[in-house]
Structures are given as C-alpha cells and as structure tokens.
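Reading the structure
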Amino acid sequence: MEVKVGVEGSRELTLNSGQSQEEVEKLVSEALGSTEGNLRIDDEKGTRYIVPSAKITYVEIGASETHRVGFGVG
C-alpha cells in the first residue's frame, strides 16, 4: 500500500509498504504521541525511513490493494 508523509520544510515522502493499514496507523499514532519520537517505517524493499514526529505535517495511508486478474466490466 502507498504511504505519503508530509515533512515540514521538505518534500513529501512517498513509499510502498508491505504492512497493513492498521500496522501503519499504529506506527503513526505512536510516533505522533510523542513530540520527541520518530516515525520508523519500512518499504517493500526493506529500506527503513525515520522521520522526527515533530516534523510530520500529515500522513496519507492508501487502501490495501488487492490484485485483480482478468478483465473488468464496468
């Protein structure tokens, strides 16, 4: 799923996480609960991103994607 993190004084950080929405939301909530904490999140390739919670302006958590096979009618 795609996760976007707005960072004060910087650009937006966009990454694809293999974690569920609930797991990412828990990490964000814990980080924002402490102004001296950090948001630590890993992408699908294993790269770890660490963002100081005091610098986070917003977090957008995309929907969990399901891979569809075949053609859709709609």
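Check the entry above for the structure.
Residues numbered from 1 in each chain as written. Predicted model: local features only at pLDDT ≥ 70, side-chain atom pairs only at ≥ 80, totals over all residues. Heavy atoms only, no water.

**Side note on the pairing of strand β4 (residues 48-52)**
Sheet topology places strand β3 (residues 38-42) next to β4; five bridges connect them, and they run antiparallel. Bridged to Leu39 within β4 is Val51. (Pairing = 2+ DSSP bridges. Helix = DSSP H or I, 4+ residues; strand = E, 2+ residues; numbered from the N terminus.)

**Comments concerning the nonpolar core**
Ranked by size, the top nonpolar core spans 13 residues in total, and within it Val3, Val5, Leu39 and Val51 carry the most contacts. The residues touching Val51, leaving out its near neighbours within four places in the chain, are Val7, Leu13, Asn38, Leu39 and Ile56. (Core = buried A, V, L, I, M, F, W, Y, C linked by side-chain atoms within 4.5 Å. Buried < 20%, exposed > 50% of the residue type's maximum accessible area, 1.4 Å probe, protein only. Contact = heavy atoms within 4.5 Å.)

**So, the pattern of salt bridges**
Two side chains that carry opposite charge are able to pair once their charged atoms sit near each other. What the rule picks out here adds up to two salt bridges. With a shortest N-O distance of 3.9 Å, Lys4 and Glu2 are connected by a salt bridge. For Glu2, a relative accessible area of 35% gives the class partly exposed. We note a salt bridge from Asp42 to Arg48, for which the minimum N-O separation is 2.8 Å. By relative accessible area, Asp42 is classed as partly exposed at 26%. When its relative accessible area of 52% is taken as the criterion, Arg48 is described as exposed. (Salt bridge = Lys/Arg side-chain N within 4 Å of Asp/Glu carboxyl O.)

**Here's the deal with the sheet that holds strand β2 (residues 12-16)**
Reading across the sheet, the three strands line up as β2-β1-β5 and stay open at both edges, with antiparallel pairing between neighbours. Pairing within the sheet leaves two strands with one partner each, and these edge strands are β2 and β5 (56-61). Neighbour-to-neighbour, the strand axes of the sheet open up by a mean angle of 15°, direction not taken into account. Pairing of strand β1 (residues 2-7) with β5, which is carried by five bridges, proceeds in the antiparallel orientation. Following the sheet pairing, Gly6 is matched in β5 by Tyr58. Seen against the sheet, helix α1 (residues 21-32) touches β1 and β5 and runs at an angle of roughly 170° to β5. (Axes fitted to C-alpha atoms, helices over the stretch in contact; angles between N-to-C directions.)

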